[in-house]
Amino acid sequence: QVQLVESGGGLVQPGGSLGLSCAASGSIFSIYVMGWYRQAPGKQRELVATISSGGSTSYADSVKGRFTISRDNAKNTVYLQMNSLKPEDTAVYYCNAQVKPTMTDMRRSYWGQGTQVTVSS
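Residues numbered from 1 in each chain as written. Predicted model: local features only at pLDDT ≥ 70, side-chain atom pairs only at ≥ 80, totals over all residues. Heavy atoms only, no water.

Caption draft 1: Seen up close, the sheet that holds strand β8 (residues 77-82). Read from one edge to the other, the open sheet built from four strands follows the order β1-β3-β8-β7, with strand pairing classed as antiparallel. Each having just a single partner strand, β1 (2-7) and β7 (67-72) make up the two edges of the open sheet. Within the sheet, the average angular offset between the axes of one strand and its neighbour, ignoring direction, is 15°. Inspection of the sheet shows β1 paired to strand β3 (residues 18-26) by six bridges, in the antiparallel sense. Considered in β3, the bridge of Q3 is made with S25. (Pairing = 2+ DSSP bridges. Helix = DSSP H or I, 4+ residues; strand = E, 2+ residues; numbered from the N terminus. Axes fitted to C-alpha atoms, helices over the stretch in contact; angles between N-to-C directions.)

Caption draft 2: Geometry of the nonpolar core. Ranked by size, the top nonpolar core spans 29 residues in total, and within it W36, V48, F67, V78, L80, M82 and Y93 carry the most contacts. Counting only elements with at least two residues in this core, the list comes to β1, β3, β4 (30-39), β5 (46-51), β7, β8, β9 (91-100) and β11 (115-119). With five residues, β9 is the single largest residue contributor to this core. If sequence neighbours within four positions are ignored, L80 has contacts with L18, G19, L20, W36, V48, A49, F67, T68, I69 and Y93. (Core = buried A, V, L, I, M, F, W, Y, C linked by side-chain atoms within 4.5 Å. Buried < 20%, exposed > 50% of the residue type's maximum accessible area, 1.4 Å probe, protein only. Contact = heavy atoms within 4.5 Å.)

Written out as structure tokens, the structure reads:
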């Protein structure tokens, strides 16, 4: 099995910064795209940012220029640095990874448990 464990959420004032991390562990042959999604109360889960195994990144328009996604392939970990946070960034943030558990397995999608980010004064 593959587990994704997130950390780093919390309460921050508008304009502040917060960093999230997500470590994958378990049976891992290869990790492909990793990403962050978020879900605010009453809204659908939305894509925040993704990063390929080679380091190519993409961002939602709402976070471009403020958030930075990165990864450490040696540690099977993906990070999200969030700057200039706004109240509308408040949500539960979920980590996602496309993982091939063994050489013969197909690629599967795994999710973390979610971490709350609250931006409020």
